[in-house]
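Here are the chains, one letter per residue:
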Amino acid sequence: MTHPFYVFGSYGFAAVMILAVIAWIWIDGRLRRRELAALEASGIRRRSKRPPEGDAK
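Residues numbered from 1 in each chain as written. Predicted model: local features only at pLDDT ≥ 70, side-chain atom pairs only at ≥ 80, totals over all residues. Heavy atoms only, no water.

A. Broad picture of helix α1 (residues 3-41). The end-to-end C-alpha distance of α1, which contains 39 residues, comes to 57 Å, matching closely the 57 Å that a straight helix rising 1.5 Å per residue would cover. Gly43 sits one or two residues past α1 and shows a positive phi near 105°. (Helix = DSSP H or I, 4+ residues; strand = E, 2+ residues; numbered from the N terminus. Expected span 1.5 Å × (residues − 1).)

Below, the structure written as structure tokens:
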């Protein structure tokens, strides 16, 4: 095994892993947004969402 092969192979492997993590985060984010949209469409609201100004407890 030559030195350049090892170096370029390592950089290539690292690049593939970084791209895989970016793709995983992007796909997971899209899935979470779909889940939130489905929950909000079914009437479930986020706790952090503030009620309208006129609806005081």
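Moving on from the coordinates now.
B. Geometry of the pattern of salt bridges. For the structure on display, the rule yields 2 salt bridges. Linking Asp28 and Arg32 is a salt bridge whose minimum nitrogen-to-oxygen distance equals 2.8 Å. Here the residue Asp28 and the residue Arg32 both occupy positions in helix α1, the gap between them amounting to 4 residues, near one helical turn. Between Glu35 and Arg32 there is a salt bridge; the shortest N-O distance is 2.7 Å. Of this pair, Glu35 and Arg32 both sit in helix α1, 3 residues apart, which is roughly one turn of that helix. Several salt bridges share partner residues, and in doing so they unite Asp28, Arg32 and Glu35 into one network. (Salt bridge = Lys/Arg side-chain N within 4 Å of Asp/Glu carboxyl O.)

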